Amino acid sequence: MTSAGQVPEVFAQRPKRADARRNYDALVAAARDAFAENGAAASLEDVARRAGVGIGTLYRNFPSRRHLFEAVYVEEVRALSRSAEDLAELPPWDALVAWLHRFVAYVATKRALAEQLLHDSEIFQSCRTEIYSAGEPLMRRAQAAGVVRDDIGFDDVVRLISGLTMAQFPSPEQRDRVLGVALDGLRAPTR
């Protein structure tokens, strides 16, 4: 991550030894799953159990629940940002749409984590900057190709998609249909 602030500090605590790094990564993955399933109140004992480590190992790596939230949140933002690079070879519209689908999945599952982080915290702001740094080039590329309206900005799209994710859908299929309608509104008018 290239943004300043506390985000690099979250990963500065990542252990150097291979076995300790495996435990750290297992804890982050287990916490991600536990928070997605049970929200912010997920049991830390359950996280340790899922990771296959003791509770002492969890607390050695993450002295507080907040430290664990931050590590999971930052890793999820990094994964979303990396996905933009993976889509670079697709046509502009396809790349933007694929990334926005990933963004929807990210937002829908990360609501519990985001609620635990102060929206004005340095970590939250640094993560927001990274998300914009990943998504804006995809949108500019699509606009330059003439497939996305040029009268909107990336912030408009983020707010549109974020608002959509606040709704409770009875099925993923309905969420995807509604997202499709929203994405159709981004298309450049044909002349």
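Residues numbered from 1 in each chain as written. Predicted model: local features only at pLDDT ≥ 70, side-chain atom pairs only at ≥ 80, totals over all residues. Heavy atoms only, no water.

Under an unreviewed UniProt entry, the chain has the name AcrR family transcriptional regulator and belongs to Micromonospora jinlongensis.

Draft legend 1. Structural detail: the overall build of the chain. Each helix and strand counted, the chain has nine helices and zero strands in total. Taken from the N to the C terminus, the helices and strands of the chain come in the order α-α-α-α-α-α-α-α-α. Sequence separation of at least 24 residues holds for 67% of the intrachain contacts in the chain that already meet a minimum separation of 6. (Helix = DSSP H or I, 4+ residues; strand = E, 2+ residues; numbered from the N terminus. Contact = heavy atoms within 4.5 Å.)

Draft legend 2. Structural detail: the nonpolar core. Grouped together as the largest cluster of nonpolar side chains are 36 residues, with contacts concentrated most on Trp 99, Leu 100, Phe 103, Tyr 106, Ile 161 and Leu 183. Residue assignment for this core shows that the elements contributing at least two residues are helix H5 (65-86), helix H6 (92-116), helix H7 (122-144), helix H8 (154-166) and helix H9 (172-184). The residues touching Leu 183, leaving out its near neighbours within four places in the chain, are Trp 93, Val 97, Leu 100, His 101 and Ile 161. Counting residues in hydrophobic clusters, the runner-up holds 20 residues, among them Ala 30, Ala 51, Leu 68 and Ala 71. (Core = buried A, V, L, I, M, F, W, Y, C linked by side-chain atoms within 4.5 Å. Buried < 20%, exposed > 50% of the residue type's maximum accessible area, 1.4 Å probe, protein only.)

Draft legend 3. Layout of the UniProt feature "DNA-binding region" (unreviewed entry) in the chain. In this structure's numbering, the residues bearing the UniProt feature "DNA-binding region" (unreviewed entry) are residues 43-62. When the span residues 43-62 is considered, its composition is 75% helix and 0% strand, and the gap between its end C-alpha atoms is 14 Å. (UniProt positions renumbered as here; feature names shortened; annotations may be inferred.)

Draft legend 4. Broad picture of the packing of helix H2 (residues 18-38) against helix H3 (residues 44-51). Where H2 meets H3, the axes come as close as 8 Å, and the angle between the chain directions of the two elements is 130 degrees. One way to sum up the angle between H2 and H3 is to call them oblique. For the crossing formed where H2 meets H3, the hand is right-handed. For the pair H2 and H3, contact is made by Ala 26, Leu 27, Ala 30, Ala 31, Asp 33, Ala 34, Glu 37 and Asn 38 and by Asp 46, Val 47, Ala 48, Arg 50 and Ala 51, respectively. Among the residues forming the contact of H2 with H3, the class breakdown is eight nonpolar, one polar and four charged. (Axes fitted to C-alpha atoms, helices over the stretch in contact; angles between N-to-C directions. Parallel < 35°, antiparallel > 145°, perpendicular 65-115°, else oblique. Left-handed = near helix turned anticlockwise from the far one by under 90°. Nonpolar A, V, L, I, M, F, W, Y, C, P; charged D, E, K, R; others polar.)

Draft legend 5. Summary view of the packing of aromatic side chains. Under the definition given, this model contains seven aromatic pairs. Here Trp 99 and Phe 154 contribute two aromatic rings whose centre-to-centre distance is 5.9 Å and whose plane-to-plane angle is 45 degrees, an arrangement assigned as tilted. Placement of the pair is Trp 99 in helix H6 and Phe 154 in helix H8, with a sequence separation of 55 residues. Each of the two residues, Trp 99 as well as Phe 154, counts as buried. For the pair Tyr 132 and Phe 154, a centre-to-centre distance of 5.2 Å together with 85 degrees between the ring planes defines the contact as edge-to-face. In this pair, Tyr 132 sits in helix H7 while Phe 154 sits in helix H8, placing the two residues 22 residues apart along the sequence. There is no split in this pair, since Tyr 132 and Phe 154 are both buried. (Phe/Tyr/Trp six-rings, centres within 6.5 Å; stacked < 30°, edge-to-face > 60°.)

Draft legend 6. Representation of the environment of Val 72 within the structure. For Val 72, the location among the structural elements is in helix H5. C-alpha separation for the pair Val 72 and Asp 25, spaced 47 residues apart in sequence, amounts to 9.7 Å.

Draft legend 7. Summary view of the side chain of Ser 83. Looking at the secondary structure, you find Ser 83 in helix H5. For Ser 83, a relative accessible area of 5% puts it in the buried group. Beyond its immediate sequence surroundings of up to four residues, Ser 83 is in contact with Trp 99 and Arg 102.

Draft legend 8. Quick peek at H8. Here H8 spans 19 Å end to end across 13 residues, near enough to the 18 Å set by a 1.5 Å rise per residue. Here H8 has its buried residues at Phe 154, Val 157, Val 158, Ile 161, Leu 164 and Thr 165. All buried residues of H8 lie within an arc of 130 degrees about the axis, which places them on one face of the element. Away from its buried face, by an angle of more than 90 degrees, H8 presents the exposed residues Arg 159 and Met 166. (Expected span 1.5 Å × (residues − 1). Arc of directions from axis to C-beta.)

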